[in-house]
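# Reading the structure
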Amino acid sequence: MVSNEKFYNFLKSKTWNLTEKWYENLNKDLNGIYSTNNQEEIQLLKEQNHLFHEKFVDLFNNSSEEGLKSFDDFIEVIVNDNGHQRTPLTEIIGEFFHQQYLYLELLEEFVSKYENELSDKQIIEFSTAILSTINDIILKFTKEFIEQSQIRLKSQQEMIIELSAPVIKLTADSALLPLIGEVDTNRAKVILEQSLQQCSDMKIKHLYIDLLGVPVVDTMVAQQLFQMISALKLIGVSTSLSGVRPSIAQTTIQLGIDFKGVETHSSIEQAMRKHR
């Protein structure tokens, strides 16, 4: 009967061969990292693939639980790799299945080499271990990849929102806040926080708020604007509201929103002329 150790040693001697065979047969027309012609990226890709094989082969020398846990390091490397981040998840998973086929081919080679020493039960056990382990790795990787992608997406969205509420300094004590695009609850909160902080940092005394680029001003947007104007007033910043188009003015009247007490202008030029 062939021991697990013999199968482990057989696989261990094949790790770099597996990597080279995998890359040789890799579909270079795939998207992302797999289509790179950069030699440094290709070498890194091979090293990452070889790390996978080292971890995988060790499963046959350790308990399955210990082996799977050791894949956490590998998964972290791939998930945080820039090349894999720009590669579709479906294509990465496809390459995991490619590794599965390579190991099944190796098992076939091992069986032919030790045919008289292997029982049918052992062959099934080795085959099942390969299939189930690859599946477990795919599940762990997919979960981590999606979670990290969501974290990056949220971070990018927050950065976009922050950049979409810039306070532009005009003079020593005046500035412009041009609002562009839809304003939802989350963005309105960021605009309020960013405006207060930037006006304070830049020692602004008067802030021009231009709504020309905002397609819809509803009750929520109006309330957030009033809150921002009130908060700015508390830190000594007066405000002018401009860009209130006729359609928006009609909508605010229909909604019962009262702009009384707020300095409003049809255009930013008109607002600036008043404060010269």
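Look a little higher up for the structure.
All of the points below concern the structure found in this document. These figures come from a predicted structure and were not determined experimentally.

## Details of the pattern of salt bridges
For the structure on display, the rule yields 8 salt bridges. Across the pair aspartate 58 and lysine 12 runs a salt bridge, and its minimum N-O distance is 4.0 Å. Here aspartate 58 is found in helix 3 (residues 39-58), whereas its partner lysine 12 is found in helix 1 (residues 4-12), with 46 residues between them in sequence. Using a relative accessible area of 35% as the deciding quantity, one classes lysine 12 as partly exposed. Of the charged contacts, one joins glutamate 20 and lysine 46 as a salt bridge, the two residues approaching to 3.2 Å between their closest N and O atoms.

## Thoughts on the nonpolar core
In terms of nonpolar packing, the biggest core is built from 42 residues, with Phe52, Phe56, Phe60 and Phe141 touching the most fellow members. The set of elements that each furnish at least two residues to this core consists of helix 1, helix 2 (15-25), helix 3, helix 4 (64-79), helix 6 (89-113) and helix 7 (120-163). Here the element with the most residues in this core is helix 6; it accounts for 10 residues. What phenylalanine 56 contacts, discounting residues up to four positions off in sequence, is Phe71, Tyr103, Ile130, Thr133, Ile134 and Ile137. Counting 25 residues, the second-largest nonpolar core is a separate cluster that includes Ala188, Cys199, Met228 and Leu232.

## Some details on the side chain of threonine 239
One can find threonine 239 in strand 4 (residues 238-242). Of the residues examined, threonine 239 reaches a relative accessible area of 13% and is grouped as buried. Excluding its chain neighbours within four sequence positions, the residues that come into contact with threonine 239 are His206, Leu207, Ile209, Ile229, Leu232 and Glu263.

## Observations regarding the sheet that holds strand 1 (residues 168-169)
Hydrogen bonding along the main chain pairs the strands of a sheet, whether they run parallel or antiparallel. Strand order in the open sheet made by the 5 strands is 1-2-3-4-5, with mixed pairing throughout. On the outer flanks of this sheet lie strand 1 and strand 5 (264-265), each paired with one strand and no other. Strand direction decides the pairing type here: strand 3 (residues 206-213) and strand 4, joined by 5 bridges, are parallel. Residue tyrosine 208 lies in a different strand from strand 4, and its bridge partner there is serine 240. Its contacts with the sheet place helix 9 (residues 219-234) against strand 2 (174-180), strand 3 and strand 4, and it is angled at close to 165° to strand 3.

## A look at helix 1
Those residues of helix 1 that sit buried are Phe7, Tyr8, Phe10 and Leu11. The buried side chains of helix 1 occupy one side of the element, clustering within an arc of 160° when seen end-on.

## Describing the packing of helix 8 (residues 185-201) against helix 9
Where helix 8 meets helix 9, the axes come as close as 10 Å, and the angle between the chain directions of the two elements is 15°. Between helix 8 and helix 9, the angle falls in the class roughly parallel. Crossing hand, helix 8 versus helix 9: right-handed. Contacts from Thr185, Ala188, Ile191, Leu192, Ser195, Leu196 and Cys199 of helix 8 reach helix 9 at Met220, Gln224, Gln227, Met228, Ala231 and Leu232. Classifying every residue of the contact of helix 8 with helix 9 gives 9 nonpolar, 4 polar and no charged.

Calculation notes
Residues numbered from 1 in each chain as written. Predicted model: local features only at pLDDT ≥ 70, side-chain atom pairs only at ≥ 80, totals over all residues. Heavy atoms only, no water. Salt bridge = Lys/Arg side-chain N within 4 Å of Asp/Glu carboxyl O. Helix = DSSP H or I, 4+ residues; strand = E, 2+ residues; numbered from the N terminus. Buried < 20%, exposed > 50% of the residue type's maximum accessible area, 1.4 Å probe, protein only. Core = buried A, V, L, I, M, F, W, Y, C linked by side-chain atoms within 4.5 Å. Contact = heavy atoms within 4.5 Å. Pairing = 2+ DSSP bridges. Axes fitted to C-alpha atoms, helices over the stretch in contact; angles between N-to-C directions. Arc of directions from axis to C-beta. Parallel < 35°, antiparallel > 145°, perpendicular 65-115°, else oblique. Left-handed = near helix turned anticlockwise from the far one by under 90°. Nonpolar A, V, L, I, M, F, W, Y, C, P; charged D, E, K, R; others polar.

From the geometry alone we can't say anything about function, so treat these as descriptive.
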